[in-house]
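Analysis of the macromolecular model
Listed below are the residues making up each chain.
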Amino acid sequence: AMRYHAGWERAWRSPTPKKRYKVIVVGAGGHGLATAYYLGKVHGIRDVAVIEKGWLGGGNTGRNTTIIRSNYLQDPSAAIYEKARALYEGLSQDLNYNVMFSPRGLLMLGQTEHEVRGYKRTVHANRLQGIATEWIGPERVKELVPIINIAGPRYPVLGALYQARGGTARHDAVAWGYARACSAMGMDIIQKCEVTGIRTEGGKVQGVSTTQGEIDCEQLAVVVAGHSSVMAEMAGFRLPIESVALQAWVSEPIKPCMDVVVMANTVHGYMSQSDKGEMVIGGGTDGFNNYTQRGSWHHVEETTRALVETFPIISRLKMLRQWGGIVDMTGDRSPILSKTPVEGIFVNCGWGTGGFKSIPGSGYAMAELMARGHSPLAAEFGLERFREGRFIDESVAAGVAH
Ligand code: FAD
Ligand code: PYC
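Every value quoted in this text rests on a predicted model; they were computed, and no experiment measured them.

1. Considering helix H6 (residues 171–184)
Helical periodicity: at 3.6 residues per turn, an α-helix aligns residues three or four positions apart in one direction. In this model, H6 (14 residues) spans 20 Å end to end at C-alpha, consistent with the 20 Å of a helix rising 1.5 Å per residue. For H6, a buried count of 11 out of 14 residues is recorded, marking the element as mostly surrounded by other parts of the structure. Turning to H6, its buried residues number three or more, namely His171, Asp172, Ala173, Val174, Ala175, Gly177, Tyr178, Ala179, Ala181, Cys182 and Ser183.

2. Here's the deal with the site of ligand 1
Taken together, 36 residues lie near ligand 1, and Glu52, Asn60, Thr61, Thr65 and Gly355 sit nearest. The backbone of Gly352 places a nitrogen or oxygen atom 3.3 Å from an oxygen atom of ligand 1. Here an oxygen atom of ligand 1 sits 3.0 Å away from a polar atom, N or O, in the main chain of Phe356. If ligand 1 stood free it would expose 1,000 Å²; the protein chains cover 96% of that surface. Looking at the shell around ligand 1, the elements that each hand over two or more residues are helix H1 (30–43), strand S12 (242–253) and strand S16 (319–329). The dominant element in the shell around ligand 1, judged by the number of residues it contributes, is S12, at 3 residues. Classifying every residue of the shell around ligand 1 by side-chain character gives 14 nonpolar, 17 polar and 5 charged.

3. With respect to the site of ligand 2
Residues in contact with ligand 2, as listed here, are Thr65, Ile67, Arg69, Met263, Tyr270, Thr353, Gly354, Lys357 and Val400. Between ligand 2 and Arg69, the relevant distance is 2.8 Å, taken from an oxygen atom to a side-chain nitrogen or oxygen of the residue. At a separation of 2.7 Å, a nitrogen atom of ligand 2 approaches a polar backbone atom of Thr353. About the coverage of ligand 2: the protein hides 95% of its 240 Å² of free accessible area.

4. Considering the confidence of the model for the protein
Looking at the protein, pLDDT values average 96 and 99% of them are 70 or higher. Predicted as a complex, the structure gets a pTM of 0.97 and an ipTM equal to 0.99.

Thresholds applied
- Residues numbered from 1 in each chain as written.
- Chains lettered and ligands numbered in written order.
- Predicted model: local features only at pLDDT ≥ 70, side-chain atom pairs only at ≥ 80, totals over all residues.
- Heavy atoms only, no water.
- Helix = DSSP H or I, 4+ residues; strand = E, 2+ residues; numbered from the N terminus.
- Expected span 1.5 Å × (residues − 1).
- Buried < 20%, exposed > 50% of the residue type's maximum accessible area, 1.4 Å probe, protein only.
- Near = heavy atom within 4 Å.
- Polar contact = N/O pair within 3.5 Å; in protein donor to acceptor, adjacent residues only side chain to side chain.
- Areas by Shrake-Rupley, 256 points an atom, 1.4 Å probe, with all protein chains shown as cover.
- Nonpolar A, V, L, I, M, F, W, Y, C, P; charged D, E, K, R; others polar.
- pLDDT = per-residue confidence, 0-100.

Shown next, in the form of structure tokens:
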């Protein structure tokens, strides 16, 4: 370390861009990198560049609170989130890179009769979908989370939707593991390269203009989360996406006191403890569209208040850091994995506040859609659903307040 890591082998190459690739993926977040990885691994398509305007994993992938679960209500969502969760189980072995997947158990608290009914309905749906979740009572919640105040000054804990194999993973490692594997397959990951324009001819994609020059391609995957509408505009179409800041913060490290993840969606807060001992905390999105990457102050106050009443022992903790990301929200809180009006351009976006958990499943489905023209996992998430009114409403399962 004193020699500034001199001589350490780089995990991925930093090449200058070629003139042409079969596939360009814009955005080296988890979804872009996973798309490239499964294109190479499953479909043998390796003439791929992943282009990133900043640093790899520096968007929402490196800013999220790493919750992984698949307790969604609708069948298409349950399928893609459970595919992702299942891939997470073996991801460290698959990538030969420790992504620190920790299926420590996840609870979504029921704190009103309305919420209890909703979560019980989800448990029934999950049972039919083959996803292992259960409804547990307040005594079991207290056993799993000894620091919780189940009496609650405003809302008592009436029980919880529990997914025993939900949990967390290390966000940077997910991006780094995929990046290293892509680079090893011969793909080019090009950082500090902003896409500033998309070239089309006769309704078909030709390539992109970037801060490192013009690059041609046959297929273009736009995987840029909060900047999806900006890039769609470059290609001449519109997306039903709103961009808004979502923030999180962490406390000073303390001794292990909570070994599950708890989401308390009625009071608007969630918390887990990181391996370093910090309490990782977050709340809802800002109530107005913006591109600020920080988040408004009133959420810090509202969420901290909510969590202090749920977990009184944290009342004297000092908070260390706060940050934000720009999330890409659709009206039905479900993602878009789709062809677009421009031949050869595909979009993968709309994961909003909940796309870390889905990275492996999304990359798998997106690669299949691009390589084969159709993916069963992505089929219901096309852009046409907004025109046809076939919404996949996941506003409750999204958990985070919008
Ligand atoms: P990103 O990681 O944002 O990657 C997109 C990349 O595109 C960025 O690196 C960006 O720089 C690049 N880009 C943009 N424009 C251009 C351009 N013109 N040219 C080149 N590159 C460009 N999800 C969960 O499942 N669990 C959670 O606990 C959770 N917590 C969250 C907490 C916070 C505070 C935030 C902000 C999000 C949270 N999420 C969570 C959501 C999750 O982080 C995102 O859904 C997911 O990371 C999106 O990944 P991505 O690869 O699509 O986007
Ligand atoms: O999707 O589970 C989630 C989540 C929790 C916090 C932010 N997103």
